[in-house]
Amino acid sequence: MPDLAKKYGYSENYLSSLIKEVTGKNFVQLRTQHRLKEARYLLKSTDFPISEISQLVGINNKNSFYKKFKEEYGCLPSEIRDSSKRKNDLQSSLKGLI
């Protein structure tokens with residue numbers, strides 16, 4: 001947050017209030033949401049282990065990652081990966097038919 005505040009010439013307190021007013025979320029919540037969105041993308045597009053993905057997006061505590069992911073998406077990271085895998089398998093099968 002300090003770098004962001006400095007970049008735009010605001011105090012950290014003012015920027016924090018502004019972010020909350022505009023988005024309804026505080027800076028930490030927005031950062032976590034962004035990290036989880038990136039994790040979801042990586043789950044769908046790579047075969048990286050879930051533990052590695054949590055590290056890559058900056059959530060170093062595995063339990064915290066799973067809990068926050070479930071709160072945000074209503075399912076576990078493995079469920080996103082499994083769903084994505086099934087969808088890709090189906091698409092591949094359909095391409096083979098055409």
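See the structure above.
Chemist: What am I meant to see in the overall build of the protein here?
Modeler: Per the secondary structure count, the protein includes six helices and zero strands. For the protein, the sequential pattern of α-helices and β-strands runs α-α-α-α-α-α. A total of 98 residues make up the protein; the buried ones form 21% of that total. For the protein, the proportion of contacts with a sequence separation of at least 24, taken over those separated by at least 6, is 39%. Within the structure as shown, the protein displays about 7,200 Å² of accessible surface, and the carbon and sulfur contribution to it stands at 51%.

Chemist: What should I look at first to understand the nonpolar core in this one?
Modeler: One recurring pattern in soluble globular proteins is that nonpolar side chains are buried together. Counting residues in hydrophobic clusters, the biggest one holds twelve residues: Leu 36, Ala 39, Leu 42, Leu 43, Ile 50, Ile 53, Val 57, Ile 59, Phe 65, Phe 69, Cys 75 and Ile 80. Every element with two or more residues in this core is listed here: α3 (27-45), α4 (50-56) and α5 (62-73). Per-element tally for this core: the top contributor is α3, with four residues. Contact partners of Ile 59, with chain neighbours within four places excluded, come to Arg 35, Leu 36, Ser 54, Ser 64 and Phe 65.

Chemist: Help me out: how do you make sense of the environment of Tyr 41 in this one?
Modeler: Among the secondary structure elements, Tyr 41 is positioned in helix α3. C-alpha of Tyr 41 to C-alpha of Ile 80: the two residues are 39 residues apart in sequence and 9.6 Å apart in space.

Basis of the calculations
- Residues numbered from 1 in each chain as written.
- Predicted model: local features only at pLDDT ≥ 70, side-chain atom pairs only at ≥ 80, totals over all residues.
- Heavy atoms only, no water.
- Helix = DSSP H or I, 4+ residues; strand = E, 2+ residues; numbered from the N terminus.
- Buried < 20%, exposed > 50% of the residue type's maximum accessible area, 1.4 Å probe, protein only.
- Contact = heavy atoms within 4.5 Å.
- Areas by Shrake-Rupley, 256 points an atom, 1.4 Å probe, with all protein chains shown as cover.
- Core = buried A, V, L, I, M, F, W, Y, C linked by side-chain atoms within 4.5 Å.

None of this, on its own, says anything about what the molecule does.
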